[in-house]
Amino acid sequence: MGFQNDLVGTVRGRKQAELGTPVWLVTGGAGFIGSHFVKLVLRERPEITVLNLDALTYAGNLENLAEIEGHPRYRFVHANICDASAVNGVFEECAISAIVNFAAESHVDRSILDPEEFLRTDILGTHVLLEAARRQQTNRFLQVSTDEVYGHVAHGASREDDPIAPRSPYAASKAGGDLQVLAHGTTYGTSVMITRGSNTYGPNQYPEKLIPLFVTNLIDDEPVPVYGDGLQIRDWLHVEDHARGILHVLEHGELMNVYNIGGGNARTNMEITKRLLDLCGRSKGTHIRHVLDRPGHDRRYALDASKAHSLGWRPRRDFEQGLEETAAWYREHESWWRPIKSGGCADYYRTQYAERGAR
Ligand code: NAD
Ligand code: TYD
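We now turn to the structure provided with this report. (Residues numbered from 1 in each chain as written. Chains lettered and ligands numbered in written order. Predicted model: local features only at pLDDT ≥ 70, side-chain atom pairs only at ≥ 80, totals over all residues. Heavy atoms only, no water.)

Some points on the overall build of the protein chain
Note the cut-off: Working definition: helices are DSSP H or I runs of at least four residues, strands are E runs of at least two. Numbering for both runs from the N terminus. Taken over C-alpha atoms, the radius of gyration is set against a globule rule of 2.2 Å times the number of residues to the power 0.38. Working rule for contacts: check all heavy atoms of both residues, and any pair within 4.5 Å makes them a contact. Per-residue and other accessible areas were derived by the Shrake-Rupley procedure at a 1.4 Å probe size, with only the shown protein chains allowed to occlude residues.
Within the protein chain, the secondary structure is distributed over 15 helices and 13 strands. Expected size for 359 residues packed as a compact globule is a radius of gyration near 21 Å; at 20 Å, the protein chain falls within 12% of this value. Overall, the protein chain is about 60 × 45 × 35 Å in size when its C-alpha atoms are taken along their principal axes. In the protein chain, the share of contacts with a sequence separation of at least 24, taken over all contacts with a separation of at least 6, comes to 84%. Just so you have it, the protein chain exposes about 14500 Å², and 49% of that area is on carbon and sulfur atoms.

Right under this line is the structure:
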């Protein structure tokens, strides 16, 4: 069952001999989840060559891929998904059997400060890739999306056929991408599918998101900025489980379908914060700073992932252990995050958190 043969079977193009094996185009593969996905595919799918197309924005980091540099089945292309001629150039060079689109502006707080780049990459960029997939009749186009498109969920858990109701510029840009993907499939017959993942954590996450920001602050004996009362709920998913979920849907999912990839680990932000304080040996009294809440902050996300479960995917990583290992990874990889935190991230942090102040 599934489409694996279809995915690896069709390779055309001039450079086929050079690349040797079926080619998957992964966009945004230098980012957090994309880099784990690229490494997973190279490790576990020996017949696949991966082309990683990434613009290397502030969030893209080739260090995430240092261990596969020079890998015979891996190529890096430095380009922007909004640049149609660059994208088409890649398709002219070799036949792509699958596209997995991770490339996005991905941080809600940045989208509130300045949404334009989100609209460009998450909507226009997705359109450029869809058009390339249509022209080349690519076998699979998988759009990596998010539970945030469903908006705040007061009760129960979002199912794939629930209406989308995005409430932040980030979520709205991702929802715009999702709608285009499905419309492209309906109108042109492009072979599309979508995954919607929940909040993801693990090694290599840019230290602007909750878990890596808090861990690295705590390592440095700095307080952590909790938005509002900290009772917002997120459903946490380990990055390796997320990458595996996307691969599973790519190979076994049905076209024109959406699959929720949920971690099944619902926690309030305060629960996460207290656990991170323990793991880093800091105290609640001195290291928590409640700051002004995020405007339009979604109170709760919750995913019903039973459709992906029935396809044969389930998260494997225990959350408490995964969180402990993640904190340890940041302690052991200061050389990865210190240049980021003292570089571009420092300016962003000052702007973002000066506005919020202490409550
Ligand atoms: P990230 O911000 O860590 O990485 C994004 C990557 O995309 C970077 O390498 C960046 O350089 C690249 N990129 C950005 N704009 C680009 C452009 N115009 N052209 C080419 N490359 C570009 O993001 P992430 O957390 O790894 O998220 C990856 C995908 O997963 C995103 O689509 C995001 O919406 C989705 N997602 C993320 C989470 C999460 O918790 N992080 C959860 C669910 C879904
Ligand atoms: P984040 O990691 O930004 O992911 P998302 O907004 O996509 O869910 O935030 C996770 C939760 O943590 C969210 O409820 C906002 C909250 N948060 C804070 O309380 N303080 C912070 O400094 C950050 C970055 C997030």
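We are not done yet, so read on.
Here we look at empty space enclosed by the protein
Quick reminder of the rule: Throughout, the protein atoms alone are placed on a 1 Å grid, and a set of points is a cavity if a 1.4 Å probe fits but cannot get out or a pocket if it is open with protein on both sides within 12 Å along at least five of seven lines; lining residues have an atom within 4 Å of a point. Grid points are joined across faces, edges and corners, and a volume is the space filled by probe spheres set on the points. Residue polarity follows a fixed list, in which Ala, Val, Leu, Ile, Met, Phe, Trp, Tyr, Cys and Pro are nonpolar, Asp, Glu, Lys and Arg are charged, and the others, Gly among them, are polar.
Overall, the coordinates contain two cavities of 30 Å³ or more when judged by the stated rule. Within this model, the largest cavity holds a volume of roughly 60 Å³. Forming the walls of the largest cavity are Val108, Ile112, Glu148, Arg167, Ser168, Arg234, Arg294, Pro295, Gly296, His297, Asp298 and Tyr301. When grouped by side-chain class, the residues that make up the lining of the largest cavity number four nonpolar, three polar and five charged. Considering only enclosed or pocket space, the second largest cavity measures out at about 30 Å³ in volume. What lines the second largest cavity is simply Tyr201, Trp236, Leu237, His238, Asp241, Gly263, Asn265, Pro315, Arg317 and Phe319. By residue class, the composition of the lining of the second largest cavity is five nonpolar, three polar and two charged.

Here we look at the pattern of salt bridges
Let me state the cut-off plainly: The term salt bridge refers to a side-chain nitrogen of Lys or Arg lying within 4 Å of a carboxyl oxygen of Asp or Glu. Summary of the burial criterion: residues with accessible area below 20% of their type's maximum are buried, those above 50% are exposed, and those between are partly exposed, where the area comes from a 1.4 Å probe applied to protein chains only.
On inspection of all chains with the given rule, the structure shows 22 salt bridges. We note a salt bridge from Arg120 to Glu117, for which the minimum N-O separation is 2.9 Å. Linking Arg120 with Glu117, this pair stays in helix H6 (residues 116-136), spanning three residues, or about one helical turn. Under the relative-accessibility criterion, Glu117 is labelled partly exposed at 31%. A salt bridge links Asp220 to Arg338; the shortest N-O distance between them is 2.7 Å. In this pair, Asp220 is assigned in the loop between helix H8 (210-219) and strand E8 (224-227) and Arg338 in helix H14 (residues 334-342), connecting sequence segments 118 residues apart. Salt bridges sharing common partners tie together Asp109, Arg294 and Arg356.

As far as function goes, none of this settles anything; it's purely spatial.
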